[in-house]
Amino acid sequence: MSFGIMAADVERKPLRVPEGIAHLLRDLIHERTGIFFEDDRMDLLLSKLEPVAQRRGCASYLDYYYALKDNDRGEWDQAWEALSVQETYFWREMAQIDALVEKIIPQWFQKTSQPFRVWSAACATGEEPYTIALALAERGLDSRPIEILGTDASPAALEKARRGVYREKSFRVLPPALRQKYFTPVLDGSRLSEAIMRRVTFARANLLELGEISPLARVQAIFCRNVFIYFSRHSIRQTIAMMGARMVPGSYLFVGASESLLRLTTDFELREIEGALAYVRI
């Protein structure tokens, strides 16, 4: 797909910023992605989008606004890449995953043989769902019917996740023994074992698209961590309402340590499980 004049063709010039267009662009991004930039961070938003707009051949942010307004999937793919914060790593915030594998899943299989399903929402390059699969293997639960789905809105992030090759920053807290056990050194990093990779399925999903969330939320556990710190309160309420409407009573929602859903929803009850906090659908 062509996105206009490339950098090699001409020297790029700074994009013009017509009056009021920055806020229009901010509001369109917010409506479509949930990501919100306060007024004092508008320069950051424009700096993230400028290279994408330039590659398309836009002369101003107004041109780029109309390109996004047309809802072209390829154009939004490029925007997602520019806006995505893919800061994640293996073994992050393990208390909640420990609660899942040590308490929640064993209790499930004491009552039923039905599959236990986990959805890792906005999983970026896949370290979180793979961490869940690793923890299950270490707990001896990898033979159980447990389905793990990782989703993200960034096609490039999902491609990296499916490839399963990671650089040093992804291993900052992973115990060395586990890295040695489950990863193999390759030319451009370390590759995760095929056995673990087969445990996780990846798909694209935008958390603000009802049609994409609806078939995913009917699971026993959702991990949506360190996502809402980039959302407005309105977007958080909207996303949680869509998830909660489809989650079954007794299912679990995990958010990041710095995130709270208190005063944002009455669909969930905050509980402590094995020292970890979880929102339980009531």
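Every chain is numbered independently, its residues counted from 1 as its sequence is written. Side-chain atom pairs in this predicted model are given and counted only at pLDDT of 80 or more, local residue features only at pLDDT of at least 70, and totals for whole chains, interfaces and linings cover all residues. To obtain the side-chain values, all non-hydrogen atoms of the structure were included, while hydrogens and water were left out.

K.L.:
Explain the overall build of the protein chain here, please?
P.N.:
For the purposes of this entry, the term helix denotes a DSSP run of H or I that reaches at least four residues, the term strand denotes a run of E that reaches at least two, and both are numbered from the N terminus. Counting its regular elements, the protein chain contains 11 helices and 10 strands. Taking 19 Å as the expected radius of gyration for a compact globule of 282 residues, we find that the protein chain reaches 20 Å, a close match to that expectation. On the principal axes, the C-alpha backbone points of the protein chain span a range of 60 × 50 × 30 Å. Contacts are residue-level and defined by heavy atoms, with any inter-residue pair within 4.5 Å sufficient. Long-range contacts, defined here as pairs at least 24 residues apart, represent 75% of the contacts in the protein chain between residues at least 6 apart. The reference for a compact globule is 2.2 Å times residues^0.38; the radius of gyration itself is calculated from the C-alpha atoms.

K.L.:
Hey, could you run me through a nonpolar patch on the surface in this one?
P.N.:
To count toward a patch, a residue needs a relative accessible area over 30% and no salt bridge; like charges are then connected within 9 Å, while nonpolar side chains (Val, Leu, Ile, Met, Phe, Trp, Tyr) are connected within 5 Å. Note on areas: these come from Shrake-Rupley sampling with a 1.4 Å probe, and a residue is covered only by the protein chains present in the view. One side-chain nitrogen of Lys or Arg within 4 Å of one carboxyl oxygen of Asp or Glu is enough to make a salt bridge. Together, Val-85, Ile-229 and Tyr-230 make up an exposed nonpolar region whose accessible area comes to about 250 Å². Along the polypeptide, Ile-229 turns up in the loop between β7 (221–223) and α11 (233–246).

K.L.:
So what exactly am I meant to see when it comes to the pairing of strand β4 (residues 183–186) here?
P.N.:
Where a strand is regular, its side chains alternate between the two sheet faces. Pairing between strands is defined by DSSP: at least two bridges between them are needed. As defined by bridge partners, β4 adjoins strand β5 (residues 189–192) across 4 bridges and the pair is classed as antiparallel. Looking at β5, one finds that Phe-183 is bridged to Leu-192. Counted between consecutive antiparallel strands, the loop separating β4 from β5 contains 2 residues.

K.L.:
Sorry, what's going on with the sheet that holds strand β9 (residues 268–273) here?
P.N.:
Strand pairs in the sheet, formed through backbone hydrogen bonds, run parallel or antiparallel to each other. The strand order across the open sheet formed by 7 strands is β6-β2-β1-β7-β8-β10-β9, and the pairing between neighbours is mixed. Each edge of the open sheet is held by one strand with a lone partner, namely β6 (200–204) and β9. With strand direction ignored, the average angle separating the axes of adjacent strands in the sheet is 25°. Sheet topology note: the β7/strand β8 (residues 252–254) ladder contains 3 bridges and is parallel. What sits directly across from Ile-222, in β8, is Leu-253. Angles here are taken between N-to-C directions and fall from 0 to 180 degrees, while the axes themselves are lines fitted to C-alpha atoms, restricted in helices to the stretch in contact. Against the sheet, helix α5 (residues 94–111) makes contact with β1 (116–120), β2 (146–152), β7, β8, β9 and β10 (276–281), and its axis sits at roughly 160° relative to β1, the strand it touches most.

K.L.:
Just to check I follow, could you spell out the pattern of salt bridges for this structure?
P.N.:
Between side chains of opposite charge, pairing is possible as soon as their charged atoms come close. One pass over the full model with this rule turns up 14 salt bridges. A salt bridge links Arg-117 to Glu-147, with the shortest nitrogen-to-oxygen separation between them at 3.0 Å. Placement of the pair is Arg-117 in strand β1 and Glu-147 in strand β2, with a sequence separation of 30 residues. We classify Arg-117 as partly exposed; its relative accessible area is 32%. Any residue under 20% of the maximum accessible area for its type is buried, any over 50% is exposed, and the rest in between are partly exposed; the area is computed with a 1.4 Å probe on protein chains only. For Glu-147, a relative accessible area of 39% puts it in the partly exposed group. Salt bridges sharing partners connect three or more residues here, namely Arg-26, Asp-27 and Asp-39.

K.L.:
Please clarify how helix α6 (residues 127–139) should be interpreted in this entry.
P.N.:
Side chains three or four residues apart in an α-helix point the same way, a direct result of the helix having 3.6 residues per turn. For a helix, the expected span equals 1.5 Å multiplied by the residue count minus one. An ideal rise of 1.5 Å per residue puts 18 Å on 13 residues; α6 measures up with 18 Å between its terminal C-alpha atoms. Among the 13 residues in α6, 11 count as buried, and that is most of the element. Gly-140, located one to two residues past α6, shows a positive phi value of around 80°.

K.L.:
Can you walk me through the sheet that holds strand β3 (residues 165–166) in this structure?
P.N.:
Spatially, 3 strands are ordered β3-β5-β4 in an open sheet, and the strand pairing comes out antiparallel. Since the sheet does not close on itself, it has two edges, and those belong to β3 and β4, each with one partner. Two elements, β3 and β5, share 2 bridges in a ladder whose sense is antiparallel. Its bridge partner being in β5, Val-165 is matched across the sheet by Arg-191.

K.L.:
Which parts of the structure should I look at to understand the packing of aromatic side chains?
P.N.:
Geometry of an aromatic ring pair is reported as the spacing of the ring centres plus the angle between the planes. What counts as a ring pair is set by centres within 6.5 Å for rings of Phe, Tyr and Trp (its six-membered ring), and what kind of pair is set by the plane angle: stacked under 30 degrees, edge-to-face over 60, tilted for all other angles. Enumeration according to the criterion identifies 11 aromatic pairs in this entry. Where Trp-108 meets Phe-116, the ring centres are 5.6 Å apart and the plane angle is 85°; that geometry is what we call edge-to-face. Judged by its relative accessible area of 21%, Trp-108 falls in the partly exposed class. Members of the aromatic cluster, each reached through a chain of ring pairs, are Phe-90, Tyr-130, Tyr-166, Phe-171, Phe-183 and Phe-202.

K.L.:
Sorry if this is basic, but what is going on with helix α4 (residues 73–83) here?
P.N.:
Counting buried positions along α4 yields 8 of 11 residues, so the element is predominantly enclosed. Restricting attention to buried positions, one finds in α4 the residues Gly-74, Glu-75, Trp-76, Asp-77, Ala-79, Trp-80, Ala-82 and Leu-83. For α4, the elements touching its buried residues are α1 (21–33), α2 (42–56), α3 (61–69), α7 (155–163) and β6.

K.L.:
What is the right way to read the nonpolar core from this model?
P.N.:
Note that soluble globular proteins tend to have their nonpolar side chains buried in a common cluster. Among the buried residues, those of types Ala, Val, Leu, Ile, Met, Phe, Trp, Tyr and Cys that are joined through side-chain atoms within 4.5 Å form a nonpolar core. Core analysis: the biggest nonpolar cluster contains 51 residues, and Tyr-64, Trp-119, Ile-222, Cys-224, Phe-228, Met-243 and Leu-253 have the highest contact counts within it. Elements with a contribution of two residues or more to this core: α1, α2, α3, α4 and α11. Among the elements that take part in this core, α2 stands out by supplying 6 residues, more than any other. In this view, Phe-228 contacts Ile-236, Thr-239, Ile-240, Val-255, Glu-259 and Leu-261; residues no more than four positions away in its chain are not counted.

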